[in-house]
Structures are given as C-alpha cells and as structure tokens.
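The lines below spell out each chain.
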Amino acid sequence: MSQVTLEQFQSEALAFLEASAPRKEEEKKFVWGEGSDKVAMFEDKERTKEQADVDRACAWRRRKFDAGFGYISGPEAFGGRGLSGAYQRAFDSLESKFDIPNQSCFTIGLGMVAPTILAHGSDSARDLYMRRLYRGDIVACQLFSEPGAGSDLAGLSTKAERDGDEWVITGQKVWTSGAHYSQIGEIIARTDPSQPKHKGLTGFIVDMNAPGVEIRPLRQMTGGASFNEVFFTEVRVSDDHRLGDVNNGWNVALTTLMNERAAIGGGGGGGGGFFTRVIEMVKHYGLDSDPVVRDELAKIIIHNKVASYNNQRALDKIKSGQMPGPEMSMAKLAGTNNMIRLGNFVSMVLGPKLVADSGEWGTYAWSQLILGTPGGRIAGGSDEVMRNIVGERVLGLPKDAGIDSKSPFNELKK
Ligand SMILES: Cc1cc2nc3c(=O)[nH]c(=O)nc-3n(C[C@H](O)[C@H](O)[C@H](O)COP(=O)(O)OP(=O)(O)OC[C@H]3O[C@@H](n4cnc5c(N)ncnc54)[C@H](O)[C@@H]3O)c2cc1C
C-alpha cells in the first residue's frame, strides 16, 4: 500500500479537525479586562471537576485515535500509523489552531510512560497497554520519588520481592502527579538491596486499582492537590508487567527521565504563552514608556527566544532519532528560570495588587501562577541537579562527590 503524502495527510487532518472542534479565537483578540483572568501552572480544581476535564480529554483522544490521528508515528502493531515525525508535527501544528480539551493529563502517560513501555515492556504488556494509552482509554502516572529519594532517585527503598510468577511490592511513593485519575503507573522498586544502589532496581507497570494501593492527596500552596502520596502494601504484579530485565531498572528509569526532560524542557522557552497578557498589562498601567519596565520586559523576551532556539536544536536531535541528552537539562533549566523571571516582572508591575485580592481584573489572579513556578524548579529534576548534569556532561567538570554508587545499598548510611 502506498504511503499517504504529507499534503494528503494534512488535508485529511484538517477535514477531521474542522468537523470535530471549533477553531480557536485568534490571540490578537485578547483585550485586557475581558474574559477569564486565570493564569496558573497548577490549577486549583476540585477532584470531581478535574475528573470531568480528564474525561473530556480522553474523549478527544479517542475521537482522534479512531480517525487515525492518535498515534501517528507509532508502530502499526499497536494502532499507530507508522508515519514519520513530520506527519505528527504537521498534525500538532494544525490541532493547535483548534479549541480542544486540555490534554495535560497525558503529559506523563504518553510523554514518558508509553515510550518506556514501548522500549522495555514485554510483548504482552505492550499489546495490553500501548493502544489503550494512545486511545485515551487509560491514563498513566510515574511512581518514582519517595520521601527519602528524589534527586538521588537510586536511593529509593520501595521493595519488590519475587513470588513465583508474581512480584510483591511494598513501600511509599510521593509527589505522584495525577495518580488519582490514572489506571496504571510505572514504578521503580528495589529488587536486590545487596547490590550498589543503581544496580538492584527493577521497573514494573502497576494497576493503580489493585488491592494494597492507597492514594492520598497532597495539597500545594496554590490551593489545589495535583499530587499524591501513594502507599503500596503487598501489591501483587505479574512478571509480564516487569519493564526490562530484573535489576536493570536504572536504565528503565533513565528512558523515562530523558523523555521527561524532553516533555518539560521542550515547551517553548518558558513563559512565552503569557507575553501578550503581560504586554497588555504593562500598557494598561501606563508603563509602556517606562525605561526600566521596557528594559526588563525586553530581557525576558530575549531570554525566552534564546531558550526556544536552543530547545529547537535539542528537539531536532530527538526528531532525527537520537536520545535527548544534557541539552534537555539546559532546556529545562532555562525554561524554569524564564518562568521565574516572568513572575518577578509581574510582581514588580503589580506590587501589592498581587498579594491582596482587591477584585481588580488581572491582578491577584497572577498569584496562582507565581506560587506555582517554584514547583517547576523541582519537578523533573531540580535546578541544582540540572546544573550538576550540565557541569559534568557539557563542561567536563568532576562528578558529584556525594553519590556512592559502589557500596551495596543495604550497607549505605540512611
Ligand atoms: C510539580 C511537581 C511534580 C512532580 N511529579 C512527580 C511525579 O509525577 N512522579 C514522581 O515520581 N515524582 C514527581 N515529582 C517529584 C520530583 O521528581 C522531586 O521533587 C525531585 O526529584 C526532587 O526531589 P526531592 O523533592 O526529594 O528533593 P531533594 O532531592 O531532597 O532535594 C532537596 C534540595 O537539595 C538539592 N540537591 C539534592 N541533591 C543535590 C546534589 N547532588 N547537588 C546539589 N543540590 C542537590 C535540590 O536541588 C533541592 O534544592 C514532582 C515534583 C514536583 C515539584
């Protein structure tokens, strides 16, 4: 069968989108004081409302999957169309012009977990999950961090013990974004504590509704509860849900983390989506001829542009089939620093209006975003850890001395 040309594909995609969703209103129509003034990184949503949003997001994925646009560059065996990344990019660019339900509930499942299942999952696990993940029938979360293991992820203590054809998992995870609306999770657990910390780990796919899984919300300072603590008490997982070889979980985790940095760092340069609103705010307060304000705003826009060009270089590398490397750490660092710069600028312009709710449109609403940005400096690897990576892998500086990767895990001081 001959492959559809890019032009034919684009016209099919456009016909599908026109028939399925309204076009977005142009950004140039933004008028200060009109519509919603909500700006947030982590939305403060009630869980029932959040679930309704997830359901809408899944319904959109199902619709586009069934029309042939849900897994464009994926293998045909799992419902993909086997087309190149250029087709995916063409669809994404067209889709971005339409008003579709927010798809952020898939960032972890499709951006990080699905590529890991594809790379390391057993045949039966790939058959069971790949298609359902891309069709939005299920959502996945990432169960890595623990109270005693974040930056030093390899220090995790959740254990998995073999019992015939099954594994029994016991321990605690923390910070698990979206665990409460996920059906499956990718977990890394310790399977051999007598080996050095990076060597005795194994990855698994767990059913989030299995007996012994308990999900408790964590409330953040913005008000919402996007994260959870997840407790595992003798949760049974069949061996065909293992990811990769026994005790090779560090490589499984690295696959996920590299994709995480691409998913987080590839987002444009940090803060660009708010520029129209910020420029209109400056004009509204008559500060557009203030030399200090102009200078600060210009710096923010320049930093964003430089970061987005650098991200593009890194993303082009990924699109040409290479693994994302330390470039993604630089991209992540630049993106979060640019968000912080933007927040500082908004604070400078709004002053006390940012912290006291006077009811004035477009003022106090920014506090949601500004209280959320520090989370970005930690999620997916903290700023300091990103700097360590850049120092070691780009600048060739000596390795971080604080990590003992040679002694057996059960002999390390806790
Ligand atoms: C918004 C958000 C979403 C998240 N979602 C998930 C999720 O879905 N799943 C999941 O598993 N985890 C998730 N996390 C957890 C995240 O991966 C961890 O918070 C992160 O890895 C840092 O670990 P920690 O919080 O334990 O901090 P720690 O590792 O204890 O770090 C504390 C401080 O010490 C610094 N530090 C630590 N080690 C070094 C070092 N070697 N050199 C220099 N400084 C160092 C850090 O930079 C930080 O400032 C999320 C976190 C956030 C903020």
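Note that the structure is predicted; figures quoted are calculated from it, not measured.

A. Representation of the site of the ligand within the structure. By nearness alone, 22 residues border the ligand, and Phe144, Gly150, Ser151, Ala379 and Ser382 come closest of all. Within the residue set of the shell around the ligand, elements represented by two or more residues are strand S1 (140-143) and helix H11 (383-394). Classifying every residue of the shell around the ligand gives nine nonpolar, eleven polar and two charged. Residues lining the shell around the ligand come from more than one domain, with at least three contributed by each of domain 1 (140-249) and domain 2 (254-394).

B. How the structure looks around the nonpolar core. Within the largest apolar cluster, 55 residues are counted, with the highest numbers of intra-cluster contacts made by Ile117, Ile169, Ile188, Phe204, Ile205 and Val206. Broken down by element, the residue count for this core peaks at six residues, all from helix H4 (residues 107-120). Of all hydrophobic cores here, the second largest spans eleven residues; its members include Met281, Ile300, Val346 and Ile370.

C. Representation of unusual backbone geometry in the model. Phi at Glu234 takes a positive value of approximately 50°, unusual for a residue other than glycine. Positive phi values are uncommon outside glycine, yet Asn247 reaches one of about 70°. If you trace the backbone, Asn247 turns up in the loop between strand S8 (242-243) and helix H6 (249-265).

D. Broad picture of the domain arrangement of the chain. Taken as a whole, the chain is organised into domain 1 (140-249) and domain 2 (254-394). One C-alpha centre belongs to domain 1, the other to domain 2, and the line joining them spans 30 Å. Each partner contributes residues to the interface: domain 1 has six residues there, and domain 2 has seven residues. Class assignment of the residues belonging to the side of domain 1 that touches domain 2 gives a composition of one nonpolar, four polar and one charged.

E. The environment of Asp316, seen in detail. Take Asp316: it is sitting in helix H8 (residues 291-319). In sequence terms Asp316 and Asp66 are 250 residues apart; their C-alpha atoms lie 29 Å from each other.

F. Seen up close, the packing of H4 against helix H5 (residues 123-134). Where H4 meets H5, the axes come as close as 10 Å, and the angle between the chain directions of the two elements is 160°. The orientation of H4 relative to H5 falls into the category roughly antiparallel. The handedness of the crossing between H4 and H5 comes out as left-handed. Judged by residue contacts, Gly109, Leu110, Ala114, Ile117 and Leu118 of H4 engage Ala125, Arg126, Tyr129, Met130, Leu133 and Tyr134 from H5. In the contact of H4 with H5, the residues fall into nine nonpolar, one polar and one charged.

G. Quick look at the pairing of strand S2 (residues 159-163). As paired elements, S2 and strand S3 (residues 166-173) share five bridges and run antiparallel to each other. Across the sheet, residue Lys159 finds its bridge partner in S3, namely Thr170. Hairpin geometry of S2 and S3 is characterised by an intervening segment of two residues between the two adjacent antiparallel strands and by a positive phi of about 65° at Gly164.

H. Highlighting the pairing of strand S4 (residues 184-190). Within S4, seven of the seven residues are buried, which leaves it mostly tucked inside the rest of the structure. Judged by which residues are buried, S4 turns out to be covered on both faces: Ile184, Glu186, Ile188 and Arg190 on one side and Gly185, Ile187 and Ala189 on the other are all buried. Taken together, the four bridges between S1 and S4 define a ladder with parallel strand orientation. In the sheet register, Ala140 faces S4, and the bridge partner there is Ile184. Bridging between S4 and strand S5 (residues 201-207) involves seven bridges; their strand directions are antiparallel.

I. Region of the structure containing the packing of helix H9 (residues 326-350) against helix H10 (residues 366-376). Put simply, H9 and H10 touch, their axes get as near as 9 Å, and they point 150° apart. Relative to H10, the element H9 lies roughly antiparallel. Considering how the two elements wind past one another, H9 and H10 form a crossing that is left-handed. Contact residues: H9 offers Thr336, Met339, Ile340, Gly343, Val346, Ser347 and Leu350, while H10 offers Trp366, Leu369, Ile370, Thr373 and Gly376. Partitioning the contact of H9 with H10 into residue classes produces seven nonpolar, five polar and no charged.

What counts and how
- Residues numbered from 1 in each chain as written.
- Predicted model: local features only at pLDDT ≥ 70, side-chain atom pairs only at ≥ 80, totals over all residues.
- Near = placed C-beta within 6 Å.
- Helix = DSSP H or I, 4+ residues; strand = E, 2+ residues; numbered from the N terminus.
- Nonpolar A, V, L, I, M, F, W, Y, C, P; charged D, E, K, R; others polar.
- Domains from an automatic or database assignment.
- Core = buried A, V, L, I, M, F, W, Y, C linked by C-beta atoms within 7 Å.
- Buried ≥ 20, exposed ≤ 12 C-beta atoms within 10 Å, placed from the backbone.
- Contact = placed C-beta atoms within 7 Å.
- Axes fitted to C-alpha atoms, helices over the stretch in contact; angles between N-to-C directions.
- Parallel < 35°, antiparallel > 145°, perpendicular 65-115°, else oblique.
- Left-handed = near helix turned anticlockwise from the far one by under 90°.
- Pairing = 2+ DSSP bridges.

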